[in-house]
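One-letter residues, chain by chain:
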Amino acid sequence: MATEPQKQVDEVPQEGPGPENRSILSYLNPFYGSVRTSELLLFTKYFASLTRAGIAVLRSLSTLSRQMKTYRFRKIIWDSKTEVEGGSPLHMCFRKYDDVFGMLYCNLIRVGEESGRLVLVLDRLSALLDRRIHVRRKVIGAMTYPAIITFVAALVVIFLLTFVIPQFSKLFEQFNQQLPWLTVKVIEVSNFLTNNFLTILATFLAIGLLIYQVNQTKPGKRFFDYWKLKVPLFGGLTQKYTIALYARNLATLFESGINIITAMNISNEAVENVIIQKSLEDVVHEVEGGIPIAKALSKAQIMPELSVQMIEVGEESGNLDEMLTRVAEFYEDEINFLIDQITAMVEPAFIVVIGVITGIIVLAMYLPIFRMAKVVTGGR
């Protein structure tokens, strides 16, 4: 009996990512279809593993297009596979989806394709993305913690003012006694909040929407990015995170063989804060004019003197990529220190604030009760 011929390793299945099963609620999600960095990291690690195992790029892309979680990402990978099958370079296919891969990712893939070291490049990208996610989660966690405490504190105060205080207010009306000044003011705040709760909620939602819309404009983003850097503690955290990301991206690009000017321009595009991005663009112009990188960074005043000196040593010794990596590690250590400081300072501060507000409300409610008790016992 004739045996069925064995499939070749490079044979690519022809089925696509399949139809999208989208829920009705997903249409209300403004972030639906966006590809998270963690999913891009997963794709990069799988891609590196398959390529290292000797599996062709087409078959790897075909396999990965069915493994990713986000439908849009699955379709992007499948469409890229189809274009590569037609003769297009992989980095050019990825460049069409700049919001997913970014210029840095595409340029490193180009280096890997042209040098024949795609596995090495994918490993570097995996390490870069992994480090970026790790640092970003720490920064977001440090900024989210105070927001959660503020939200919980606000809920406690709102509950007291809208549910507890009105009960005491009805009790005091029955005694028909003159109330202390503090009690009167707390009851007035409670009445205002209870009678205008929906209006206040709508106002806050409108302000939030307005801030979001303004932030989408260039002047608005510049305004908010400027003040993000001025907030005590959090401004320093934002700046250190941005510079750490920039230094690590620049080190990875330079290590991969991309010339320093191109690497700086690509790294600048990954910077989210437009104020720091503008300063780094000025640094590129200075370097293009023949000024050393360290001197240009020193003039821009976006790094401390120690980091600039490390970069200067790297330029003089020819180990710029290594020194940039050390600068990134230095900033990441600073980020960890700042996060510990924020955690140590914010928690006691919020406990004191919540205690003071709750204490004022409790005191305001019990002052009339103490006065009534004196009247009942015959005291003055």
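About the thresholds
Residues numbered from 1 in each chain as written. Predicted model: local features only at pLDDT ≥ 70, side-chain atom pairs only at ≥ 80, totals over all residues. Heavy atoms only, no water. Salt bridge = Lys/Arg side-chain N within 4 Å of Asp/Glu carboxyl O. Helix = DSSP H or I, 4+ residues; strand = E, 2+ residues; numbered from the N terminus. Bend = angle between axes of the 7 residues up to and from the residue. Buried < 20%, exposed > 50% of the residue type's maximum accessible area, 1.4 Å probe, protein only. Contact = heavy atoms within 4.5 Å. Patch = residues over 30% accessible without salt bridge, like charges linked within 9 Å, V, L, I, M, F, W, Y side chains within 5 Å. Areas by Shrake-Rupley, 256 points an atom, 1.4 Å probe, with all protein chains shown as cover. Axes fitted to C-alpha atoms, helices over the stretch in contact; angles between N-to-C directions. Parallel < 35°, antiparallel > 145°, perpendicular 65-115°, else oblique. Nonpolar A, V, L, I, M, F, W, Y, C, P; charged D, E, K, R; others polar. Core = buried A, V, L, I, M, F, W, Y, C linked by side-chain atoms within 4.5 Å. Phe/Tyr/Trp six-rings, centres within 6.5 Å; stacked < 30°, edge-to-face > 60°.

A. Region of the structure containing the pattern of salt bridges. Evaluated as defined, the whole model comprises 16 salt bridges. Between R52 and D123 there is a salt bridge, with its nearest N and O atoms 2.6 Å apart. In this pair, R52 is assigned in helix α1 (residues 37–52) and D123 in helix α6 (residues 118–175), connecting sequence segments 71 residues apart. Through salt bridges with shared partners, a single ionic network connects R131, R248 and E332.

B. Expanded view of helix α5 (residues 98–115). At Y105, α5 shows its maximal bend, which comes to roughly 55°. Taken together, the buried positions of α5 are V100, F101, G102, L104, Y105, C106, N107, L108, I109, V111 and G112. Contact partners of the buried residues in α5: α1, α3 (71–85), α4 (90–95), α6, α10 (234–255) and α11 (260–269). Phi turns positive, to about 75°, at G116, one or two residues after α5.

C. Region of interest: a nonpolar patch on the surface. On the surface, a nonpolar cluster with roughly 450 Å² of combined accessible area is contributed by I148, F151, V152, L155 and V156. Its place among the elements puts V156 in helix α6.

D. Structural context of the packing of α11 against helix α12 (residues 274–288). Between α11 and α12, whose axes approach to 10 Å, the crossing angle comes to 170°. By the angle class used here, α11 and α12 are roughly antiparallel. Two secondary-structure elements touch here, α11 through I261, M264, N265, N268 and E269 and α12 through Q277, L280, E281, V283, V284, V287 and E288. Its residues assigned to classes, the contact of α11 with α12 shows 6 nonpolar, 3 polar and 3 charged.

E. Up close: the nonpolar core. Of all hydrophobic cores here, the largest spans 77 residues; its most connected members are F43, F101 and Y105. L161, F168, M365 and M372 belong to the second largest nonpolar core, which has 12 residues in total.

F. Spotlight on the packing of aromatic side chains. Per the stated rule, a full pass over the model turns up 13 aromatic pairs. Ring plane angle 65° and centroid distance 6.4 Å describe the contact between F43 and F101, whose orientation is recorded as edge-to-face. On the criterion of sequence distance, the pair formed by F43 in helix α1 and F101 in helix α5 is long-range, its members being 58 residues apart. Accessibility expressed as a relative area gives 6% for F101, which makes it buried. Considering the side-chain rings of Y226 and W227, the 5.3 Å spacing of their centres and the 85° angle between planes classify their relative orientation as edge-to-face.

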